[in-house]
Amino acid sequence: MTFDSGRRSSFKKMILSGAAVGSLTSFEMKEEPTFQLKGNINHGVCAWSMRPLSLEELCANIKKVGVGAIDLIGPKNWETLKKYDIHCSMCNGAELGIPDGFNDPKFHDQLEKNYTEVIPLVAKAGYQNLIAFSGNRRGMDDETGLKNCEIGIKKILSLAEKHNVIITMELLNSRVDHKDYMCDKSAWGVELCKRISSENFKLLFDIYHMQIDEGDIIRSIRNNHQYFGHYHTAGNPGRNDLDDKQEIYYPPIMQAIVDSGFKGYVSHEFIPKGEDKIAALGHAVQVCDV
């Protein structure tokens, strides 16, 4: 696996001459990317992974590297995205956190209240995807977790369908980053989708997480893409740049996503190793441009 090492330096030349992205003082940036993309992938980015860039700095700079959306932003920050005409590709703000999710009935009332409040706000803002989590096992078996999640999610499903909002449960690894998380295998998540049986409930297929817990990424996409409403990227091991220091070869994975007919967003959720976060993001965009 080899990536062109010159790509990263070429992106650095695209930013303001002599300016470090992490300390930009001017937000007057070009909105169009400064390189040509094929346009088969809609690129997003997760704001938290690009720290210490502020949300304002991120919004002002991502379009020039071909990114038009940001993940995991809640209602209080949507106005900043709209100011820069940046889409919110995955909303948050209704969940209780990763460990406390729909698999435990004791959280159902609060989750129902939260999602009932946030779902209409998502729709009113012109967005569609809203994050959800299974929660940790805490000794619970798979079948009990499936039944509990189905009960809890169906409490908010009619409202989601009414507003055309997609409740999107994220697949996370339980080996390294999120010990004890229940929705840690695509088969479990797909079974939940089948039981709920609604286009308004899908999975966030995080490629990094699923590489750790199950591998066989391309086959999973080919066989189950109808249940995947969103994708995340990152290099493994380390959750860093999509470069030749990690084991995931992204171009054929992206091609499998394109071949599936997917029209949503692939959002980059890696933690850049270098100081130039925007250049690293641009490099990831080009790696995934198929």
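Above this text you will find the structure in question.
From a predicted model like this one, the values you see are computed outputs, not experimental measurements. (Residues numbered from 1 in each chain as written. Predicted model: local features only at pLDDT ≥ 70, side-chain atom pairs only at ≥ 80, totals over all residues. Heavy atoms only, no water.)

1. Details of the pattern of salt bridges
Where charged atoms from two side chains of opposite charge approach closely, those side chains can pair.
Item 1. Counted by the stated rule, this structure contains 16 salt bridges.
Item 2. As a salt-bridge pair, arginine 137 and aspartate 184 come within 4.0 Å of each other at their nearest N and O atoms. Here arginine 137 is found in the loop between strand 4 (129-132) and helix 5 (142-163), whereas its partner aspartate 184 is found in the loop between strand 5 (166-170) and helix 6 (186-196), with 47 residues between them in sequence.
Item 3. Note on arginine 137: relative accessible area 21%, which makes it partly exposed.
Item 4. Salt-bridge contacts for glutamate 143 lead to arginine 195; the nearest nitrogen and oxygen are separated by 2.8 Å. One end of the pair, glutamate 143, is in helix 5; the other, arginine 195, is in helix 6, with 52 residues separating them in the sequence.
Item 5. Here glutamate 143 falls in the partly exposed class, since its relative accessible area comes to 33%.
Item 6. The partly exposed category is assigned to arginine 195, whose relative accessible area is 24%.
Item 7. Shared partners join several salt bridges into a network, and the residues in it are Arg137, Asp142, Asp184, Lys185 and Asp213. (Salt bridge = Lys/Arg side-chain N within 4 Å of Asp/Glu carboxyl O. Helix = DSSP H or I, 4+ residues; strand = E, 2+ residues; numbered from the N terminus. Buried < 20%, exposed > 50% of the residue type's maximum accessible area, 1.4 Å probe, protein only.)

2. Some words on the packing of aromatic side chains
Item 1. Scanning the entire structure with this criterion turns up six aromatic pairs.
Item 2. Taken together, a centroid distance of 6.1 Å and an interplanar angle of 85° make the contact between phenylalanine 228 and tyrosine 231 edge-to-face.
Item 3. A residue is classified by how much of its surface remains accessible, and tyrosine 231, at 0% relative accessible area, is buried.
Item 4. Of the aromatic side chains, those joined through ring pairs into one cluster are Phe205, Phe228, Tyr231 and Phe262. (Phe/Tyr/Trp six-rings, centres within 6.5 Å; stacked < 30°, edge-to-face > 60°.)

3. Notes on the pairing of strand 8 (residues 265-268)
Item 1. Here strand 1 (residues 42-46) runs beside strand 8; their pairing, made up of four bridges, is parallel. Pairing of asparagine 42 across the sheet is with tyrosine 265, part of strand 8.
Item 2. Here strand 7 (residues 228-233) pairs with strand 8 via three bridges, running parallel. Directly across from histidine 232, in strand 8, lies its bridge partner serine 267.
Item 3. The β-α-β motif built from strand 7, the intervening helix 9 (residues 250-259) and the parallel element strand 8 has right-handed crossover chirality. (Pairing = 2+ DSSP bridges. Right-handed = clockwise from strand over helix to strand, strands pointing away.)

Any functional reading would require information beyond the geometric quantities listed.
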